[in-house]
Amino acid sequence: MSLAIRAALNHAWAASAAFKHPSFSSEKEVRLVVSPFEQGFFNVQPRYHISNERIKKYYPVNLQKLCQIADTQMEDTISELIVGPESTQSIPILQDYLRDMGYGKLAERITHSACPLRQKL
């Protein structure tokens, strides 16, 4: 792949994360974007999550390692976790998970989204 094409794909990939429905603006979300076109730095391979509803392609990133490179702590990097309005995730279970993973402070920073979503037709 030529450098020009790879650069264009990187820009398009990064820009795609910026497009959200305006109703989500209250969440002030920050998205971590890792380009699959620059795998040399992160050396990530795509993985797939298969559920009854769909197949999702994703690129796993070791956030703990990125925090070490940036000389910061995970709990200092993530100020809040907002559970989406249509999520079926139990907040108490998510809090237990975070505590068990050693992120007790982050477990206390979970809220539900106030974003009103239209019902699907």
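The rules behind these values
- Residues numbered from 1 in each chain as written.
- Predicted model: local features only at pLDDT ≥ 70, side-chain atom pairs only at ≥ 80, totals over all residues.
- Heavy atoms only, no water.
- pLDDT = per-residue confidence, 0-100.
- Helix = DSSP H or I, 4+ residues; strand = E, 2+ residues; numbered from the N terminus.
- Patch = residues over 30% accessible without salt bridge, like charges linked within 9 Å, V, L, I, M, F, W, Y side chains within 5 Å.
- Areas by Shrake-Rupley, 256 points an atom, 1.4 Å probe, with all protein chains shown as cover.
- Salt bridge = Lys/Arg side-chain N within 4 Å of Asp/Glu carboxyl O.
- Buried < 20%, exposed > 50% of the residue type's maximum accessible area, 1.4 Å probe, protein only.
- Core = buried A, V, L, I, M, F, W, Y, C linked by side-chain atoms within 4.5 Å.

Enquirer: Any chance you could explain the confidence of the model for the chain here in plain terms?
Expert: Detailed reading of the predicted model is not advised wherever pLDDT is low. Averaged over all residues, the pLDDT of the chain is 79; the fraction at 70 or higher stands at 69%. Ranking the elements of the chain by mean pLDDT puts helix H2 (residues 39–42) last, at 58, and helix H5 (residues 91–100) first, at 96.

Enquirer: What is the right way to look at a nonpolar patch on the surface in this model?
Expert: Side chains of Tyr 48, Ile 50 and Ile 55 sit close together on the surface and give an oily, nonpolar patch of about 370 Å² of accessible area. A residue is classified by how much of its surface remains accessible, and Ile 50, at 62% relative accessible area, is exposed.

Enquirer: Even after reading the chapter, I still don't get the pattern of salt bridges, so can you show me in this structure?
Expert: Opposite charge on two side chains lets them pair, provided their charged atoms get close. For the structure shown, the criterion picks out two salt bridges. Where Arg 99 meets Asp 96, a salt bridge forms, and the shortest distance between an N and an O atom there is 3.5 Å. Taken together, the residues Arg 99 and Asp 96, both in helix H5 and three residues apart, mark about one turn of the helix.

Enquirer: What should I look at first to understand unusual backbone geometry in this one?
Expert: In terms of backbone geometry, most residues other than glycine have negative phi values and most peptide bonds are trans. You will see that Asp 71, though not glycine, has its phi angle at about 55°, which is positive. Relative to the helices and strands, Asp 71 is located in the loop between helix H3 (63–69) and helix H4 (74–77).

Enquirer: Please clarify how the nonpolar core should be interpreted in this entry.
Expert: Here is a general trend for soluble globular proteins: nonpolar side chains tend to be buried in one another's company. Cys 67, Met 74, Val 83, Ile 91, Leu 94, Leu 98, Tyr 103, Leu 106, Ala 107 and Ile 110 form the largest nonpolar core, which has 10 residues in total. For this core, the secondary-structure elements that each account for two or more residues are H5 and helix H6 (104–107). Here this core gets three residues from one element, more than from any other, and that element is H5.

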